[in-house]
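Here is how the chains run, residue by residue.
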Amino acid sequence: MTLTTQDGSRIKRIYEHDKEIEICDLFGLTQITTGKGRKADAEGEMGFVSIKNARSSSTQVWLTTLNKFRELFDAPQGAIDLFLGDRMKNRMNFDEIPADLTRELVEWMDENKTTIIHRALHGNDEIALVIFRDLKDGKVYTMKTDEIMEIVSHSSWRVGKRNGSLQLVNASGQVIFHLQREGKGKYPNNILFHIHRNLFQS
């Protein structure tokens, strides 16, 4: 029997639902199953909780369009547009974009880092706690969002080593968030933010 894309999406949703329940049971949380696009996956005594089950060292924390990103933050035109591409499938890595445009974007991301990451974490909810589980070794990490934001305030953005992302690195030089294109071949590409295990180990 050949699985369709719809079958794969349904299986993925069931899997993620079950993994969230495991975390809810572990921490005595109530799972939230309503509200498409919400950042809150569960609720407990301290408030809303975001649960991140990661198959690698990072996992998605926010997916948005360039139009929405610009509406929220008034991002400068230039490097971000060239990086994401257009309907003609034109797109560039950061080493192909004029250096002054890339520098302008990185500086702007630095100036707005707390506002951007706050939105990535909270959306329209007020998240009190983020739980990050490494599905490979089973380790579970937790951090309050105000603690995350304190680390973010002392971090800085840089171009990733392969020029296909922007990385937010902490004071120790570890990547704690990164921005990339959504990897589904869509044009213009959406903006995808990832949260890293390093954040919880810093």
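Residues numbered from 1 in each chain as written. Predicted model: local features only at pLDDT ≥ 70, side-chain atom pairs only at ≥ 80, totals over all residues. Heavy atoms only, no water.

A closer look at the pairing of strand E4 (residues 58–64)
Two faces belong to every sheet, and in a regular strand the side chains alternate between them. Threshold: Each residue is assigned to one of three classes by its accessible area relative to the maximum for its type, calculated with a 1.4 Å probe on protein chains only: buried under 20%, partly exposed between the two thresholds, exposed over 50%. What counts as a helix is a DSSP run of H or I of at least four residues, what counts as a strand is a run of E of at least two, and both are numbered from the N terminus. Whether two strands pair depends on DSSP finding at least two bridges between them.
For E4, the buried fraction is high: 5 of the 7 residues fall into the buried class. Of the strand pairs in this sheet, E4 and strand E10 (residues 191–196) are connected by 6 bridges, and their pairing is antiparallel. Opposite tryptophan 62, over in E10, you have phenylalanine 193 as the bridge partner.

Examining the nonpolar core
Heads up, the condition is: Buried Ala, Val, Leu, Ile, Met, Phe, Trp, Tyr and Cys residues form a nonpolar core when they are joined through side-chain atoms within 4.5 Å.
Counting residues in each nonpolar core, the largest one holds 42 residues, and the members touching the most others are Phe69, Met109, Leu121, Trp157, Phe177, Phe193 and Ile195. Among the nonpolar cores identified, the runner-up in size contains 8 residues, and Cys24, Leu29, Ala42 and Ile131 belong to it.

Digging into the sheet that holds E4
Under the convention used in this document: Orientation is described by axes fitted as lines to C-alpha atoms, over the contacting stretch for helices, and by angles from 0 to 180 degrees between their N-to-C directions. Should any heavy atoms of two residues lie within 4.5 Å, those residues are considered in contact.
Strands sit in the order E4-E10-E9-E8-E7 across an open sheet of 5 strands; the sheet is antiparallel. A strand with exactly one partner marks an edge of an open sheet, and here the two such strands are E4 and strand E7 (156–159). On average, adjacent strands in this sheet sit at an angle of 25° to one another, irrespective of strand direction. Sheet analysis places strand E9 (residues 175–181) next to E10, joined by 5 bridges and oriented antiparallel. Residue pairing in the sheet places leucine 179 in a bridge with phenylalanine 193 of E10. Each of E4, E7, strand E8 (166–169), E9 and E10 is contacted by helix H5 (residues 113–122), which is oriented at about 100° to E4, the strand it contacts most.

Let's talk about the environment of aspartate 18
Residue placement: aspartate 18 occurs in helix H1 (residues 5–27). Residue classification places aspartate 18 among the partly exposed residues on the basis of a relative accessible area of 40%. In this structure the C-alpha to C-alpha distance between aspartate 18 and tryptophan 62, which are 44 residues apart in sequence, comes to 21 Å.

A few points about the pattern of salt bridges
For clarity, the threshold we go by: The working definition used for a salt bridge is a side-chain nitrogen of Lys or Arg within 4 Å of a carboxyl oxygen of Asp or Glu.
Throughout the structure, instances matching the rule amount to 6 salt bridges. Across the pair arginine 133 and glutamate 22 runs a salt bridge, and its minimum N-O distance is 3.0 Å. One end of the pair, arginine 133, is in strand E5 (residues 127–134); the other, glutamate 22, is in helix H1, and 111 residues separate them in sequence. Residue arginine 133 is classed as buried on the basis of its relative accessible area of 11%. By relative accessible area, which is 39% here, glutamate 22 ends up partly exposed. We note a salt bridge from glutamate 71 to lysine 68, for which the minimum N-O separation is 3.6 Å. With glutamate 71 and lysine 68 both in helix H2 (residues 66–73), this residue pair falls 3 residues apart, about one helical turn.

Structural notes on a negative patch on the surface
Put simply, the rule reads: Patches here are clusters of residues that have more than 30% relative accessible area and form no salt bridge, with a 9 Å joining cutoff for like charges and a 5 Å cutoff for nonpolar side chains (Val, Leu, Ile, Met, Phe, Trp, Tyr). Note on areas: Shrake-Rupley, 1.4 Å probe, and residue coverage restricted to the protein chains presented here. In this charge count, Lys and Arg are treated as positive and Asp and Glu as negative; neither His nor the chain ends contribute. Note on charges: their place is set at NZ of Lys, CZ of Arg, CG of Asp or CD of Glu.
Residues Asp100, Glu104, Glu107 and Glu111 make up a contiguous surface patch of negative charge. Structurally, glutamate 104 is set in helix H4 (residues 99–111).

Details of the packing of aromatic side chains
Our working rule: Between the rings of Phe, Tyr and Trp (Trp by its six-membered ring), a pair exists once the centres lie within 6.5 Å; its type follows the angle of the planes, with under 30 degrees stacked, over 60 edge-to-face, and the other angles tilted. Placement of a charge over a ring requires the Lys NZ or Arg CZ to be within 6 Å of the ring centre, with the centre-to-atom vector within 35 degrees of the ring normal.
Counted according to the given criterion, the structure contains 10 aromatic pairs. Centroid distance phenylalanine 69 to phenylalanine 73: 5.1 Å. Interplanar angle 65°. Geometry classified as edge-to-face. Of this pair, phenylalanine 69 and phenylalanine 73 both sit in helix H2, 4 residues apart, which is roughly one turn of that helix. Each member of the pair, phenylalanine 69 together with phenylalanine 73, is buried. Each ring, one from phenylalanine 69 and one from phenylalanine 193, has its centre 6.1 Å from the other, and the planes form 40°; the classification is tilted. Of this pair, phenylalanine 69 sits in helix H2 while phenylalanine 193 sits in strand E10; the two residues are 124 residues apart in sequence, bridging distant segments of the chain. Of the two residues, phenylalanine 69 and phenylalanine 193, neither departs from the other in class, the shared state being buried. We note arginine 181 situated over the ring of phenylalanine 83; from NZ or CZ to the ring centre the distance is 4.1 Å.

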